[in-house]
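# A look at the structure
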Amino acid sequence: MRYIIIGAGAVGGAIGGRLAGAGCEVVLVARGAQRAALAEHGLRLKVPDGESAYRLPVVEGPAELGGLRADDVLVLAVKTQDSEAALALWGPAPVTGGGSAAERLPIVCAQNGVESQRLALRRFRRVYGVCVWLPATFVEPGVVAAEGTPLTGILHLGRVPHGTDETARLIAADLEKARFEAPVVPDVTRWQYAKLLSNLVNSIEAVAGPLGSEASLEFYGRVRAEGVAVLDAAGIAYTSDEEGKEARGDRIRLVEIDGVPRGGGSSWQSLNRGAGTIEADYLNGEIALLGRLHGVPTPLNDLLQRLANTFAREHRAPGSMPFDELLRLADEAVAFVQES
């Protein structure tokens, strides 16, 4: 199979580089400075045991490939806010032998949250979800770091909305050759919703910096508790903390890589790059949406969604809000809901 990595940033670059290193055929999809750097210098992937460079085909869209192949696998690794545009571009792309990508090819959503695979199901017949446990950093155009060892990441994989098949098993086999663990599970969304709860921290990091103090950890606990209450009210299943810890075990340890400052997760990195957008609408915003649908107040997640979007829109530096200020705003948000 040939893997077309749509969004060769931190996660996409790490997956694409590792697959290429395992002997798989890989095409990278990128735009702007990232495409230019990949085309000129190749993909540089920094990992705990060294650095590798991969000279891979780089395109901006399907037209440059002159037709997709029947054995292509599309891996969607853009941020969720960019998914609709990517799906609209790649879905109608013709496949050799007839039909379109949306009709014939599998698309694998390797992203945070759950919204992208819903969007994909509107266009594509064969949609696969991934629960992404993959510490990765976009260092600069053309350079990606993956800080996990001995495994680069754990990628639970399954059909959406549920089930498994031979394609999932073949993809998983390639991923496992590439230094990932890739369990094929019939209930991938159960893993993704648990990961969503952990990703609620992303906006806290983006606004006020990585957690560290007892007060910041306690605040995250309150934010997560809102998420748990919402998922329970909606009847949405998610894996327990114990199940998640057992799945990860000591398979992924974070190792500091020279020249790769790691200030925070994916949302922090979006602000640090000045991307102008952020994924909060599909993390804290997913909890806010479900809360409104099921009558559960979510003032803390509402607040974090608004703040993260404001930071992105106004190009504020990540972590630049004093934590005491965030707590003050949180108390005001909770009090307003209680008084309403």
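One can find the structure itself at the top, above this paragraph.
Structural notes, computed from the coordinates.

Basis of the calculations
- Residues numbered from 1 in each chain as written.
- Predicted model: local features only at pLDDT ≥ 70, side-chain atom pairs only at ≥ 80, totals over all residues.
- Heavy atoms only, no water.
- Phe/Tyr/Trp six-rings, centres within 6.5 Å; stacked < 30°, edge-to-face > 60°.
- Lys NZ or Arg CZ within 6 Å of the ring centre and 35° of its normal.
- Pairing = 2+ DSSP bridges.
- Helix = DSSP H or I, 4+ residues; strand = E, 2+ residues; numbered from the N terminus.
- Contact = heavy atoms within 4.5 Å.
- Axes fitted to C-alpha atoms, helices over the stretch in contact; angles between N-to-C directions.
- Buried < 20%, exposed > 50% of the residue type's maximum accessible area, 1.4 Å probe, protein only.
- Salt bridge = Lys/Arg side-chain N within 4 Å of Asp/Glu carboxyl O.
- Core = buried A, V, L, I, M, F, W, Y, C linked by side-chain atoms within 4.5 Å.
- Parallel < 35°, antiparallel > 145°, perpendicular 65-115°, else oblique.
- Left-handed = near helix turned anticlockwise from the far one by under 90°.
- Nonpolar A, V, L, I, M, F, W, Y, C, P; charged D, E, K, R; others polar.
- Lys, Arg positive; Asp, Glu negative; His and termini not counted.

Quick look at the packing of aromatic side chains now. Counted under the stated rule, the structure contains one aromatic pair. The residue whose ring lies beneath Arg-248 is Trp-133, and the NZ or CZ to ring-centre distance is 4.1 Å. Here the basic side chain of Arg-273 rests over the ring of Phe-138, its NZ or CZ set 5.2 Å away from the ring centre.

So, about the sheet that holds strand 1 (residues 2-6). Pairing is mixed across the open sheet formed by eight strands, whose spatial order is 5-2-1-6-7-8-12-13. Among the strands making up the open sheet, the edge pair consists of strand 5 (58-59) and strand 13 (180-181). As paired strands, strand 2 (residues 25-29) and strand 5 are joined by two bridges and run parallel to one another. Looking across to strand 5, one finds that Val-29 is bridged to Val-59. Helix 7 (residues 188-199) contacts strand 8 (126-133) and strand 12 (153-159) of the sheet and is inclined by roughly 40° relative to strand 8.

Our next topic: the environment of Pro-62. By the secondary structure assignment, Pro-62 is in the loop between strand 5 and strand 6 (72-76). Given a relative accessible area of 10%, Pro-62 falls into the buried group. In the structure, Pro-62 is positioned 28 residues away from Trp-90 in sequence and 6.4 Å away in space, judged by C-alpha atoms. Contacts of Pro-62, omitting those with residues within four sequence positions, involve Gly-67, Leu-89, Trp-90 and Ala-93.

Turning our attention to the pattern of salt bridges. Opposite charge on two side chains permits them to pair, given that their charged atoms come into close proximity. The tally for this structure, following the rule as stated, stands at 22 salt bridges. Across the salt bridge formed by Arg-190 and Glu-243, the nearest N and O atoms sit 2.9 Å from each other. Pair noted here: Arg-190 is in helix 7 and Glu-243 is in helix 10 (residues 241-248), with a separation of 53 residues, a long-range link. Overlapping salt bridges, with partners in common, bring together Glu-25, Arg-69 and Asp-71 in one network.

This brings us to the nonpolar core. Counting residues in hydrophobic clusters, the biggest one holds 40 residues, and the most contacted among them are Tyr-3, Ile-15 and Leu-28. Contact partners of Ile-15, with chain neighbours within four places excluded, come to Ile-5, Ala-110, Leu-134, Leu-155, Leu-175 and Phe-180. The next biggest cluster of nonpolar side chains, apart from the first, holds 38 residues, and it includes Tyr-193, Ile-236, Ala-308 and Ala-330.

Further remarks concern the packing of helix 7 against helix 9 (residues 214-234). Running from N to C, helix 7 and helix 9 point in directions that differ by 150°, and their axes come no closer than 9 Å. Comparing the axis directions of helix 7 and helix 9 gives the class roughly antiparallel. The chirality of how helix 7 crosses helix 9 is right-handed. Across the interface between the two elements, Tyr-193, Leu-197 and Ser-198 of helix 7 pack against Tyr-220, Arg-224, Gly-227, Val-228 and Leu-231 of helix 9. Across the contact of helix 7 with helix 9, the residue classes break down as five nonpolar, two polar and one charged.

Attention shifts here to the side chain of Glu-279. Of note, Glu-279 is situated in the loop between helix 11 (266-272) and helix 12 (284-294). Lys-79 provides the closest opposite charge to the buried, unpaired Glu-279, separated from it by 5.4 Å. The contact partners of Glu-279, leaving out residues within four places of it in the chain, are Lys-79, Gln-81, Asn-112, Asn-202, Ser-266 and Ser-267.

As judged from the four bridges shared by strand 9 (residues 136-140) and strand 10 (residues 143-146), these two strands associate in the antiparallel manner. Note on strand 10: the bridge partner recorded for Ala-136 is Ala-146. Hairpin connection of strand 9 to strand 10: two residues between the antiparallel strands, including Gly-142 at a positive phi of 90°.

With that settled, consider the pairing of strand 4 (residues 50-54). With five bridges connecting them, strand 3 (residues 43-47) and strand 4 associate as antiparallel partners. Bridging from a neighbouring strand, Arg-44 pairs with Ala-53 of strand 4. From the end of strand 3 to the start of strand 4, which pair antiparallel, there are two residues.

One can describe the packing of helix 9 onto helix 12 by two numbers: an axis separation of 9 Å at closest approach and a directional angle of 45°. What the angle tells us is that helix 9 and helix 12 run oblique. Here helix 9 and helix 12 pass one another in a crossing that is left-handed. Contacts between helix 9 and helix 12 involve Val-223, Glu-226, Gly-227, Val-230, Leu-231, Ala-233 and Ala-234 from the former and Asn-284, Ile-287, Leu-290, Gly-291 and His-294 from the latter. A class-by-class count of the residues in the contact of helix 9 with helix 12 yields seven nonpolar, four polar and one charged.

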